[in-house]
Amino acid sequence: MTDKPDLNARIIDEFRANQGQVGGGFSGAPLLLLHTVGARSGKPRVNPTMYLADKDRFLVFASKAGSDRNPDWYHNLLAHPEVRIEVGDAIIDVRAVELRGAERDTAFAEQARRYPGFADYQSKTERVIPVIALIPLGEGAESADGTERTPV
């Protein structure tokens, strides 16, 4: 069985070699590389993750395949919300903001509609899977309806 660090390294290499396109289980899926700083270690980390484009934001879902624990990158974003992402050939500095309430629910429902595996992930756990908006730096910190988002 292939361990996760090796799999992630192969996905990252393929992503960078093919302008953000990869095969296998992510074939055709919108994928970005999320650069974070370890919450405890302070070390740089890179995680491939699916996203949902939402106007000028990139929404990511802390599903961890339905685990009862949030992925490490989520905790890294809590500690260090200003991060960098790679989307296609672009490198973008962003601020992570956790969506709450109806805004979160609407975003998660859309991702689950497009990719039913996300509904399966939610059914495997009692925790509410967090949805994080990655907002390009310089953009406002309010949602379209004018309500304030909670920074991660």
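Residues numbered from 1 in each chain as written. Predicted model: local features only at pLDDT ≥ 70, side-chain atom pairs only at ≥ 80, totals over all residues. Heavy atoms only, no water.

### Here we look at the confidence of the model for the protein chain
Part 1: For the protein chain, per-residue confidence averages 89 on the pLDDT scale, and 87% of positions sit at 70 or higher.
Part 2: For the stretch residues 139-150, pLDDT sits under 50, and the model shows 22 contacts to residues farther than four places along the chain or on other chains. (pLDDT = per-residue confidence, 0-100. Contact = heavy atoms within 4.5 Å.)

### As for the environment of T36
Part 1: Structurally, T36 is set in strand 1 (residues 31-37).
Part 2: A residue is classified by how much of its surface remains accessible, and T36, at 4% relative accessible area, is buried.
Part 3: Spatially, the C-alpha atoms of T36 and L77 are 6.7 Å apart, while their sequence positions differ by 41 residues.
Part 4: When sequence neighbours within four positions are dropped, the list of residues in contact with T36 reads K43, P44, R45, W73, N76, L77 and V83.
Part 5: Polar side-chain contacts of T36 include one of 3.1 Å to the side chain of N76. (Helix = DSSP H or I, 4+ residues; strand = E, 2+ residues; numbered from the N terminus. Buried < 20%, exposed > 50% of the residue type's maximum accessible area, 1.4 Å probe, protein only. Polar contact = N/O pair within 3.5 Å; in protein donor to acceptor, adjacent residues only side chain to side chain.)

### Structural notes on the pairing of strand 4 (residues 82-87)
It is a general feature of regular strands that their side chains alternate between the two faces of the sheet.
Part 1: With three bridges connecting them, strand 1 and strand 4 associate as antiparallel partners. Looking at the pairing, L34 lines up with I85 of strand 4.
Part 2: Across six bridges, the pairing between strand 4 and strand 5 (residues 90-98) is antiparallel. Looking across to strand 5, one finds that R84 is bridged to D93.
Part 3: With antiparallel pairing between neighbouring strands as the criterion, strand 4 and strand 5 make up a hairpin whose turn holds two residues, including G88 at a positive phi of roughly 60 degrees. (Pairing = 2+ DSSP bridges.)

### Brief notes about unusual backbone geometry
Part 1: Of note in this structure, K64 is not a glycine but carries a positive phi near 45 degrees.
Part 2: Its location among the elements puts K64 in the loop between strand 3 (57-61) and helix 2 (72-79).
Part 3: Looking at K64, the relative accessible area reads 36%, which means it is partly exposed.
Part 4: Phi at A65 takes a positive value of approximately 55 degrees, unusual for a residue other than glycine.
Part 5: When you line up the elements, A65 lands in the loop between strand 3 and helix 2.
Part 6: Here A65 falls in the partly exposed class, since its relative accessible area comes to 45%.

### Things to note about helix 3 (residues 101-114)
One turn of the α-helix equals 3.6 residues, which is why residues spaced by three or four share an orientation.
Part 1: The end-to-end C-alpha distance of helix 3, which contains 14 residues, comes to 20 Å, matching closely the 20 Å that a straight helix rising 1.5 Å per residue would cover.
Part 2: Those residues of helix 3 that fall on the buried side of the exposure criterion are R104, A107, F108, Q111 and A112. The buried residues of helix 3 occupy an angular sector of 135 degrees when the element is viewed end-on, so they sit on one face. Pointing more than 90 degrees away from the buried face of helix 3 are the exposed residues A102, T106 and R113.
Part 3: Lining the buried residues of helix 3 we find strand 2 (44-54), strand 3, helix 4 (117-123) and strand 6 (131-136). (Expected span 1.5 Å × (residues − 1). Arc of directions from axis to C-beta.)

### Some remarks on the packing of aromatic side chains
Part 1: Counting across every chain of the model gives four aromatic pairs.
Part 2: On the basis of an interplanar angle of 70 degrees and a centroid distance of 5.5 Å, the ring pair of Y51 and F58 is categorised as edge-to-face.
Part 3: Exposure remark for Y51: the relative accessible area of 13% places this residue in the buried category.
Part 4: The buried category is assigned to F58, whose relative accessible area is 13%.
Part 5: Plain terms: the ring middles of F61 and F108 are 6.0 Å apart, the flat faces sit at 65 degrees to each other, and that makes the pair edge-to-face. One end of the pair, F61, is in strand 3; the other, F108, is in helix 3, and 47 residues separate them in sequence. By the burial criterion, F61 is buried, and F108 matches it.
Part 6: In this structure an aromatic cluster arises from ring pairing among F61, F108, F118 and Y121. (Phe/Tyr/Trp six-rings, centres within 6.5 Å; stacked < 30°, edge-to-face > 60°.)

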